[in-house]
Each structure stands twice: as structure tokens, then as C-alpha cells.
Amino acid sequence: MARTGAAPSTPDRTGADPAPGGPTSGGGFGGRLMRRKPVDRLVAEGGHGDGGELKRSLGMWQLTMISIGATLGTGIFVVLGEAVPKAGPAVVISFVIAGFTALFSALSYAELAGSIPVSGSSYSYTYATMGEFIAWLCGWCLILEYGVSVAAVAVGWGQYLNELLDGTIGVTIPDAFANPPGAGGVVNIPALLVVLLSMAFLLRGARESARVNTVMVVVKIASLVLFCAVAFTGIRAGNFHPLMPLGMAGVSAAGATLFFSYIGFDAASTAGEEAKNPKRDMPRAIILSLFIVTVLYCLVALVAVGAMPWQQFSDADAALAQILRQVTGQSFWAVLLAAGAVIAIASVVLTVLYGQTRILFSMSRDGLVPKIFSKVDPKTGTPRANTVIVSLFCGILAALVPLGELANATSIGTLFAFALVNVAVIILRRTRPDLPRTFRVAFSPVTPAIGFLLCLWMMTSLGAQTWKWFGIWMAGGLVLYFTYGMRRSQLAREEV
């Protein structure tokens, strides 16, 4: 049994909460689905795992870099090539829509991260407000959001690696080994490689991984600024006409796809049990990182569509590198950008993989997934087995599944989890008005309600095929919960 920071109270047979820190639920089957884990207990258990504790070593700068590292990269280096054919030059508006939608959820994340500073992110927030069943659904979506997005990002890494290899030594990885099945290849070896490299860094410890990530974030920001400076000289006014070739529907569809690019801002919330001062630093890191990323996304997208006709993006695997080659007529700048992209995308893999392991850590501590995911190595203060299992799963997925389906599936899982976070803010304001909050969402409950509705609207913009896979994923989650999680959860065992 995982060691916790506070001894659990023993509830009565009705599932009531007779003692502070005990589980909160009603009687019967419905009561078991709705049993909640009190905020005080969530916070008290923070950092404690099976056999050791996570180390608190991250400050605001490191948290901000984790959030930027998880966000900035794929949306502009890879997914831009998929979004522009849908929206045309108005892809900039799509980025603004996606960022605006993300902002409302980011404000809700900031409030909850300052109130419930734990590693479970929105999973833990819903456990404290909406009950175990909804928390499980949220956690299952987070596995989709984080775990699958690691694979999706890793798939795009190989595209820029080939650009770099071609520009430096004149050699590229054969298509059969640089793309997954369904995208012209057999197995994506670069994608598997970048996941395994990230695993190696994570096993060394959170502080060491954060240092590596900080260096990579600085490099990729510099790369994007360099792209804007060089590609700006190639902007042609005619490339912005027509602005919306596929209408507002295309802009909306592209925005839903690009929302995938903003999922990283909540990565800071998964570091709640390794932050030095989480209540103060996590809200600041979330808001600051989202602002920086949105500005960079919009600036790069504006320059990109101005420098290359939007119709050409559909055939561009590494769009930004191709733009620099066309504008300058030289390969040097494209090679330089490709090097920055390789580092940038590797940073996304590293930080998102980190977030996935910490979410599973929290779910395991609650008994909803096997205990091996909450086992902590006493020397490094990291969940080693968790990291290895998740990395191998994501690496195999990246090697065998095309990017497009992964990105769309991740978007809908993210939107679902973000919608729940907005609801959690409203509920917690009513049930725990006395809870200390280092950040408060202005105009609540209106602001989180808008955030909830925007998430639902973005979900409806995704295609039927994406909804199909999301339904299959959620059905699998329901089977796992009712056959394993519902009976094995920590709260369920305390009720026996």
C-alpha cells in the first residue's frame, strides 16, 4: 500500500465523512461512483509514493520552462502543415481561437493548481469535486492527452531530423524507417529513439531533466525568432488572399486541430509535488507560459503564410525549413532551423512524457491503476518503473501510428479534460469557499462557464472519425474502471 502523509479516516457504512480528511460519498452504487477525495487529504499525500518520496526541487523558472517545453514546438513545427490547408492564411485566426479557448481553461487551471498543488492535474481536481467516476474518466482522457501526444510529437521529430541530416551530411533515413505504417513507412525509428532518449533523462531525476529542458527551450525560442527574422523578407501580400478560402468552417476546424498545440501549458500542474512553492509558482508559470507561446505561435504563423502560398503547405513535411529554403535560396538557414526543430520537438517529448508519468503516479496512489506506477526510487526520487513502462508504450505507439489520427485524438481528450477543470472551479468555489487560493479566476462562475462552453464548441468541430476513436477509447476506460478501478481504489478499500 502506498505510504501517505496522513492516516485515512474510517468512514461509516453509509460512506459519510465523519472525520476530517476522510472520503466523501453517499450510499449504494451511485454513492460509490460519486465518492470524493477531500482536498486536505490530496494535499497531505503530496509527494508520497510507494517506497520513497518525490523531491521538491523546481522553482517558478523551471515550472515555466516545463510548461513552455511541453507546449511550444509541435504545433508550429509540425501541425502547422496540417492546419493551413484547412484555414488558408486565416490559420493565424485559428491560432488565436485555439489560444483564446485555452486561456479560459488556463485561468481555471491556475486557480486549482494554487489550491490543490498535486501531481494529478485535472484528474485530482475532479476527484475532489465531482467524484471518483468522473475523476477516472478525466484521468483516462489525460492518458490520451499526454501519453498519445508524446507519440504524436515524436512522429514529427523524424521529419526535421531528416531535414538536418540531408542538409549536413547529405544522407536521409529511408522512408520505410522514418514513417509509421499508413504514412509510407514500416516503422518510425527516429520517433522511438527520441522517446527512449527522453526516458533516459527523466530517470536521472526531475531537477536534472528540468535543466536539460531549459536549455532546449531557449534554443527553440531562438530558432523561431530567427525564422521570423529571415522569412519576413519573403512575405508577399498576395499570399494572404483569399484570407479564408474554405470559410469560417475551415478556420474553426483548423482551430480544433491546433488546440493540440496548447495542451502543454497544464504540464506545470503535473509538477505540483516536485515544486518548491507550488501554490505561488504554478499559477504564475501556467499563465506566463501560455502568453509566451501564443505570441510566438501567431507571429510565426503570420510570417509563414505570408512567405509561402497556403496551397503548398499540404505537401510540406517540414514547412518552416522549406520556407527558409525558398526565401533565401540557400540550405544553410533551413538546416539551422531543422537543428532547432529537432531540439524543440525533443523538449516537447521530454516534458509531456514527464507529465504523463506524474498523472499515472497520482492515479496509482489512489489505487485506480496498478501500484507499480507509484513506486518511487529512493535514490533519484523518481517513479522509475512508471517512467520505463510509459516510455516503452509511447515509443512503440510513435513507431507504428501516423501523426494525423494521434493529433486529433489528443485534441478531443484534452478538450474533455479542460471542460471538467472549468466545472471543478465552479464546484469548489461553492463547496470550499474557505479554501486558500493564491490565484482566483475573475468573474467566476461566468469565466469558467465560458471556458466550458468553448471546449464543447471546439469538440464539435472535430470530425466523426475522431469522435469514433474517442468513443472507443472511453468505452475501454469504462471497462477498466468497472472491472478494476472501482473495486481497487483506495477509498473503496477503506469502506470495507
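Preceding this section is the structure that the text describes.
Let us look at the structure shown here. Quick caveat, the model's predicted, so the values are computed rather than measured.

1. Structural notes on the packing of helix α5 (residues 80-87) against helix α6 (residues 91-115)
Axis separation between α5 and α6 bottoms out at 9 Å; the angle between their running directions is 110 degrees. With respect to α6, the axis of α5 lies roughly perpendicular. Seen along the crossing, α5 lies across α6 with a hand that is right-handed. Residues L80, A83, V84 and A87 of α5 touch α6, and the partners they reach there are V91, S94 and F95. Grouping the amino acids of the contact of α5 with α6 by side-chain chemistry returns 6 nonpolar, 1 polar and no charged.

2. Overview of the packing of helix α3 (residues 60-71) against helix α15 (residues 332-365)
The interhelical angle for the contact between α3 and α15, taken along N-to-C directions, is 115 degrees, at an axis separation of 7 Å. For the pair α3 and α15, the sense of crossing is left-handed. The residues of α15 that touch α3, namely those facing I66, G69 and A70, are S347, V348, T351 and V352. Among the residues forming the contact of α3 with α15, the class breakdown is 4 nonpolar, 3 polar and no charged.

3. Considerations on the state of the cysteines
Inspection of the entire model under this criterion finds 0 disulfides. C141 takes part in no disulfide bond, and the closest cysteine sulfur to it belongs to C138, at a distance of 6.7 Å. Overall, C141 belongs to the buried group, its relative accessible area being 0%. The cysteine C455 is free of any disulfide, with C138 supplying the nearest cysteine sulfur at 11 Å.

4. A look at empty space enclosed by the protein
Enumeration according to the criterion identifies 3 cavities of 30 Å³ or more in this entry. Counted as a void, the largest cavity has a volume near 70 Å³. Lining the largest cavity, in full, are L58, I66, L202, A206, S209, A210, N213, L350, T351 and Y354. When contributions to the lining of the largest cavity are tallied by element, the ones reaching two or more residues are α11 (206-231) and α15. Top contributing element to the lining of the largest cavity by residue count: α11, with 4 residues. Grouping the constituent residues of the lining of the largest cavity by class yields 7 nonpolar, 3 polar and no charged.

5. Topic: a positive patch on the surface
A surface patch of positive charge is lined by K371, K375, R487, R488 and R493. Tracing the sequence through the fold places K371 in the loop between α15 and α16 (384-400).

6. A short note on the nonpolar core
If you look at the biggest cluster of nonpolar residues, it comprises 149 residues, and the most contacted ones within it are F77, L80, V91, F95, F227 and L320. It is helix α8 (residues 132-168) that provides the largest number of residues to this core, a total of 21 residues. The residues touching V91, leaving out its near neighbours within four places in the chain, are L80, A83, V84, L258, A301 and V305.

What counts, and where the lines are drawn
- Residues numbered from 1 in each chain as written.
- Predicted model: local features only at pLDDT ≥ 70, side-chain atom pairs only at ≥ 80, totals over all residues.
- Heavy atoms only, no water.
- Axes fitted to C-alpha atoms, helices over the stretch in contact; angles between N-to-C directions.
- Helix = DSSP H or I, 4+ residues; strand = E, 2+ residues; numbered from the N terminus.
- Parallel < 35°, antiparallel > 145°, perpendicular 65-115°, else oblique.
- Left-handed = near helix turned anticlockwise from the far one by under 90°.
- Contact = heavy atoms within 4.5 Å.
- Nonpolar A, V, L, I, M, F, W, Y, C, P; charged D, E, K, R; others polar.
- Disulfide = S-S within 2.5 Å.
- Buried < 20%, exposed > 50% of the residue type's maximum accessible area, 1.4 Å probe, protein only.
- 1 Å grid on protein atoms, 1.4 Å probe; cavity = no way out; pocket = protein on both sides within 12 Å on 5 of 7 lines; lining within 4 Å.
- Points joined across faces, edges and corners; volume = space filled by probe spheres on them.
- Patch = residues over 30% accessible without salt bridge, like charges linked within 9 Å, V, L, I, M, F, W, Y side chains within 5 Å.
- Areas by Shrake-Rupley, 256 points an atom, 1.4 Å probe, with all protein chains shown as cover.
- Salt bridge = Lys/Arg side-chain N within 4 Å of Asp/Glu carboxyl O.
- Lys, Arg positive; Asp, Glu negative; His and termini not counted.
- Charge placed at Lys NZ, Arg CZ, Asp CG, Glu CD.
- Core = buried A, V, L, I, M, F, W, Y, C linked by side-chain atoms within 4.5 Å.

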